Amino acid sequence: MSKVLANLKYAASHEWMLLNADGSVTVGITDHAQEALGDLVFVELPEVGAHFDAEKEIAVVESVKAAADVYAPISGTVTEVNQAAADAPESVNQDAYAAWLFKMTPDNVADLDKMLDAAAYQAVADAA
Amino acid sequence: MLKKTVLNAAHRAMNARMVDFGGWDMPVNYGSQIEEHNAVRNNCGMFDVSHMCPVDVVGADCRVFLSRLVANDVAKLKVSGKALYAAMLNDAGGVIDDLIIYFLTDTRFRIVVNAGTAEKDLAWMQAKVAEWKLDVTITQRRDGANNLGIIAVQGPNARAKVWEVLPQSKAATEGLKAFFAAEVDQYFIASTGYTGEDGYEIMLPAGEAEALWNKLNAAGVAPCGLGARDTLRLEAGMNLYGQDMDETVSPLDAGLAWTVSLNTERDFVGKAALLANGQQKQFLGLILLDKGVLRGHQKVMTAQGDGEITSGSFSPTLQQSIALARLPLGVQIGDEVEVDIRGKALKAKVTKPVFARNGKAVI
């Protein structure tokens, strides 16, 4: 059974988001997503400074089995990437909520309110 | 409605992640796919391959039938129990399926064909028996009464584990060289596999498969899914039907020339087309030098023109991405080429199409 954390927001495309005190948003893939993909062997991160519209492909995670796109859950500009996750993709399997992928400054922080809460995402994950 | 093997409940009891594999509800992994892969390279793992279809070929004309049916030559099968890997071709020289033929007696052979191609294979074989007016009876053994389950036990410790669980099989199987089979009571035990490791593939009455599966597991044999099976066969440089070749691809362009016997008088379906067309492409390996993962259908750019990856993944043994690819003639082993991965041209090195066997990298 995959984990869903109560303090995070979620996209139906299986990204999690954490709103930080400085207004930036940390993004990763959910435990459900890493479990479905299996052993991750490659993570391609976006470039810092690049702007992405919501639902656009922003990163790629590849397991032994398959490649999966990661989508920008909300529109914003990438401010930081987690090189440690790219150097050790298995860290995402070990703890998908610790091994974040990138941080972005949202165009509109209110967009976060439209994202799924833990209960709503749990329902999405259970149905998948 | 997905088809289920006789071990379906056993997989679910072991918390397998199940996927639709060509219409079959099959385990892709139980836990970590890489750990399952490494268990087979270093110790022992087992696979449910009961979705594959055993076909019994019986009758006075078995040898005539098989010598015309497949591109490899069953005349090579001289000792009872010997197995032969072969491609069954259409008239255009394309591969209908790749299969293993086991020679039991001159009037009894067993073939094992792929899961997704079983129906068309059986129809093709039946049509050829009728067309050639031969005394041959074709009987599939996967579905219905008298059906068989198949468990592949693979890895350096596979034989010892099988003897521990089936001690009555030891005398008949310990002398088996690679690519042979022995019949022990209701068990058909073959020293064949799809991993590049030693081991057995065991066919047995379907009703007994779950008990054997659980006994092997209790003896410490790791259950492994189709995910690990795919990376193991890819490292071993073994073709996968539907990816590395199909009905539109000549065996000569799919790295299967070693299974095609053209130098005798013997005629077989597809021979004229192979002789007329010759080899058009080379089947070679790739190792990705940049970071990323090679996958099927990616374009390969070489100095001699473009080619295509037919199978690619990450190699747990090499800790690098590897692939099998169909490349233009003239490309040499050792050449550096580029692969188009999501619009980026990444560097790869051309290798022979085999990467790891018997626990070790061979590249």
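For the structure itself, look to the data block above.
Draft legend 1. The pattern of salt bridges, seen in detail. Inspection of every chain in the model, using the stated rule, returns 25 salt bridges over all chains. Between Arg 108 of chain B and Glu 183 of chain B there is a salt bridge, and its shortest N-O distance comes to 2.7 Å. Here Arg 108 of chain B, found in strand β7 (residues 108–113), pairs with Glu 183 of chain B, found in strand β10 (residues 181–184); they are 75 residues apart in sequence, far enough to count as distant. By relative accessible area, which is 30% here, Arg 108 of chain B ends up partly exposed. A cluster of three or more residues bridged by salt bridges with shared partners is formed by Glu 44 and Glu 62 of chain A together with Arg 295, Arg 342 and Lys 344 of chain B.

Draft legend 2. Representation of the pairing of strand β12 (residues 199–205) of chain B within the structure. All names here are of chain B. Judged by how many residues are buried, β12 sits mostly within the fold: 6 of 7 residues are covered. Relative to β12, strand β9 (residues 148–154) is paired through 7 bridges, and the arrangement is antiparallel. Counted as the bridge partner of Ile 150 is Met 203 from β12. Judged from the 3 bridges that link them, strand β11 (residues 187–190) and β12 form a sheet pairing that is antiparallel. Each bridged residue has a counterpart across the sheet, and for Phe 188 the counterpart in β12 is Met 203.

Draft legend 3. Representation of the sheet that holds strand β7 (residues 67–71) of chain A in the model. Residues and elements named next belong to chain A. Here we have 3 strands laid out as an open sheet, ordered β4-β6-β7, and antiparallel in their pairing. What marks the edges here is a single partner per strand, and that holds for β4 (40–44) and β7. The sheet shows a mean angle of 25° between the axes of neighbouring strands, direction not considered. Alignment of strand β6 (residues 57–63) against β7, held across 5 bridges, turns out to be antiparallel. Bridge pairing in β7 places Glu 62 opposite Ala 67.

Draft legend 4. Spotlight on the side chain of Asn 8 of chain B. All names here are of chain B. With respect to the helices, strands and loops of the structure, Asn 8 is situated in helix α1 (residues 8–13). A relative accessible area of 6% places Asn 8 in the buried class. For Asn 8, the residues in contact, after removing those within four places along its chain, are Met 18 and Asp 25.

Draft legend 5. Fine view of the packing of aromatic side chains. All names here are of chain B. By the definition in use, this model includes 6 aromatic pairs over all chains. Here Tyr 85 and Trp 258 contribute two aromatic rings whose centre-to-centre distance is 5.6 Å and whose plane-to-plane angle is 20°, an arrangement assigned as stacked. Highlighted residues: Tyr 85 in strand β5 (residues 83–89) and Trp 258 in the loop between α8 (226–235) and α9 (271–277), separated in sequence by 173 residues. Residue Tyr 85 is classed as buried on the basis of its relative accessible area of 14%. Overall, the relative accessible area of 60% leaves Trp 258 in the exposed class. Summarising the aromatic geometry, the rings of Phe 103 and Phe 109 are spaced 5.2 Å apart at their centres and angled 35° between planes, so their arrangement reads as tilted. For Phe 109, a relative accessible area of 0% gives the class buried. The ring centre of Phe 188 lies 4.7 Å from the NZ or CZ of Arg 110, which sits over that ring. Geometry around Trp 124 places Lys 128 over its ring, the cationic atom sitting 4.6 Å from the centre.

Draft legend 6. Molecular detail of the interface of chain A and chain B. Opposite the 15 residues of chain A that make contact, chain B presents 16 residues. Contact between chain A and chain B buries roughly 1300 Å² in total, counting both sides, with carbon and sulfur atoms accounting for 46%. The three residues of chain A that bury the most area against chain B are Asp 39, Val 64 and Lys 65 of chain A, which together make up 42% of that side's buried surface. The tally of links from chain A across to chain B stands at 5 salt bridges. Linking Glu 44 of chain A and Lys 344 of chain B is a salt bridge whose minimum nitrogen-to-oxygen distance equals 3.6 Å. Across the chain A-chain B interface, the total number found is 12 residue pairs in polar contact (both at pLDDT 80 or more). For the side of chain A that touches chain B, the secondary-structure elements that each account for two or more residues are α1 (31–37), β4, β6 and α2 (83–87) of chain A.

Draft legend 7. Spatial organisation of the side chain of Arg 159 of chain B. Residues and elements named next belong to chain B. Of note, Arg 159 is situated in helix α5 (residues 158–165). For Arg 159, the side chain forms a polar contact with the main-chain oxygen of Thr 173, separated by 3.5 Å. Ignoring anything within four residues of it in the chain, the contact list for Arg 159 reads Thr 173, Glu 174, Leu 176, Lys 177, Ser 191, Asp 198 and Tyr 200.

So, how was this worked out
- Residues numbered from 1 in each chain as written.
- Chains lettered and ligands numbered in written order.
- Predicted model: local features only at pLDDT ≥ 70, side-chain atom pairs only at ≥ 80, totals over all residues.
- Heavy atoms only, no water.
- Salt bridge = Lys/Arg side-chain N within 4 Å of Asp/Glu carboxyl O.
- Helix = DSSP H or I, 4+ residues; strand = E, 2+ residues; numbered from the N terminus.
- Buried < 20%, exposed > 50% of the residue type's maximum accessible area, 1.4 Å probe, protein only.
- Pairing = 2+ DSSP bridges.
- Axes fitted to C-alpha atoms, helices over the stretch in contact; angles between N-to-C directions.
- Contact = heavy atoms within 4.5 Å.
- Phe/Tyr/Trp six-rings, centres within 6.5 Å; stacked < 30°, edge-to-face > 60°.
- Lys NZ or Arg CZ within 6 Å of the ring centre and 35° of its normal.
- Buried area = accessible area lost by both parts, 1.4 Å probe.
- Polar contact = N/O pair within 3.5 Å; in protein donor to acceptor, adjacent residues only side chain to side chain.

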